[in-house]
Amino acid sequence: MLQKTKYTLFGIFLAALGLWGLAVTIPNSFSSGEVVSASKMNQNFQALKTAVDQLESKVVVLEDKLSAVGPGQKALASKEGAMGRALVRWDGSTLSVDTNWSFNSSGGNITATRDGAGQYTVVFENLTDGNLPYGTVVASTRDDTGVRCDSWSLKNEGTWKPNVRVLVECRDASGTLTDATFRLLYVR
């Protein structure tokens, strides 16, 4: 995942470099037949070097932010941001959170409980700690079995803060609550 993030940042850097190229002010321009002086060329190269150095320092700051992220945490574009993702597996008798696929940007735990047939509570611990409340949550089944899973309640303020609690229901094609494996995404 870190490799993918680095490639994404590199792509953003290249795009920024292209936009930057339009915004850099080159101090000297030359016309055909004009004598070019070394001092004017050096001024142009210095302007380019200064701009590239500024971009490199921004990339270093971004890389430092990525390397400062601890285990189980992911960097977000905003300090006010929060993101949680959970893969909740149902094997016919037990419910578990797949820790290889799931993450919580706060580094907190993710727990899931079965409240009844097809009804679940998923909690992302400390996900709103220091952040504003509210967010968006989406749930879906993992397989194309005709079962639909939806989030129907999100609570991340009041007594639940700093945790985010999501209630999920899974139903078969006839609308009957049924147990299933599902994915959940919370973003704020």
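Everything here concerns the structure above.
Here the structure is a predicted model, which means the values were calculated and not measured. (Residues numbered from 1 in each chain as written. Predicted model: local features only at pLDDT ≥ 70, side-chain atom pairs only at ≥ 80, totals over all residues. Heavy atoms only, no water.)

Student: Give me the lowdown on unusual backbone geometry, citing residues and values where you can.
Tutor: The phi angle at N126 is positive, at roughly 60 degrees, despite the residue not being glycine. Looking at the element boundaries, N126 is found in the loop between β5 (119-124) and β6 (136-141). With relative accessibility at 36%, the residue N126 sits in the partly exposed group. (Helix = DSSP H or I, 4+ residues; strand = E, 2+ residues; numbered from the N terminus. Buried < 20%, exposed > 50% of the residue type's maximum accessible area, 1.4 Å probe, protein only.)

Student: Kindly report on the nonpolar core, identifying the contributing residues and their values.
Tutor: Judged by nonpolar contacts, the single largest core of 22 residues is most densely connected at V122, F124, V168, C170, F182 and L184. Looking at this core, the elements with two or more residues in it are β1 (83-90), β4 (110-116), β5, β6, β8 (164-171) and β9 (182-187). Per-element tally for this core: the top contributor is β8, with 4 residues. (Core = buried A, V, L, I, M, F, W, Y, C linked by side-chain atoms within 4.5 Å.)

Student: How would you sum up the packing of aromatic side chains? Please name residues and give values.
Tutor: By convention here, two paired aromatic rings are described through the distance between centres and the angle between planes. Applying the stated criterion across every chain yields a total of 1 aromatic pair. Judged by centre distance (5.0 Å) and plane angle (40 degrees), the rings of Y120 and F182 are tilted. You can see Y120 sitting in strand β5 and its partner F182 sitting in strand β9, a full 62 residues away along the chain. One cation-aromatic arrangement involves R85 over W101; the distance from NZ or CZ to the ring centre is 4.0 Å. (Phe/Tyr/Trp six-rings, centres within 6.5 Å; stacked < 30°, edge-to-face > 60°. Lys NZ or Arg CZ within 6 Å of the ring centre and 35° of its normal.)

Student: Give me the pairing of β4: which residues, what numbers.
Tutor: The sheet contact formed by β4 and β5 spans 6 bridges and is antiparallel. Within β5, the residue paired with A112 across the bridge is V122. In textbook terms, the turn of a hairpin is the stretch between consecutive antiparallel strands, and for β4 and β5 this stretch comprises 2 residues, one of which, G118, has a positive phi near 70 degrees. (Pairing = 2+ DSSP bridges.)

Student: Describe the pattern of salt bridges, listing the residues and the values that go with them.
Tutor: Enumeration according to the criterion identifies 3 salt bridges in this entry. Of the charged contacts, one joins R114 and D179 as a salt bridge, the two residues approaching to 2.9 Å between their closest N and O atoms. Residue R114 is found in strand β4, and its partner D179 is found in the loop between β8 and β9; the two are separated by 65 residues along the sequence. Accessibility expressed as a relative area gives 40% for R114, which makes it partly exposed. Of the charged contacts, one joins E169 and R171 as a salt bridge, the two residues approaching to 3.0 Å between their closest N and O atoms. The buried category is assigned to E169, whose relative accessible area is 17%. Judged by its relative accessible area of 34%, R171 is partly exposed. (Salt bridge = Lys/Arg side-chain N within 4 Å of Asp/Glu carboxyl O.)

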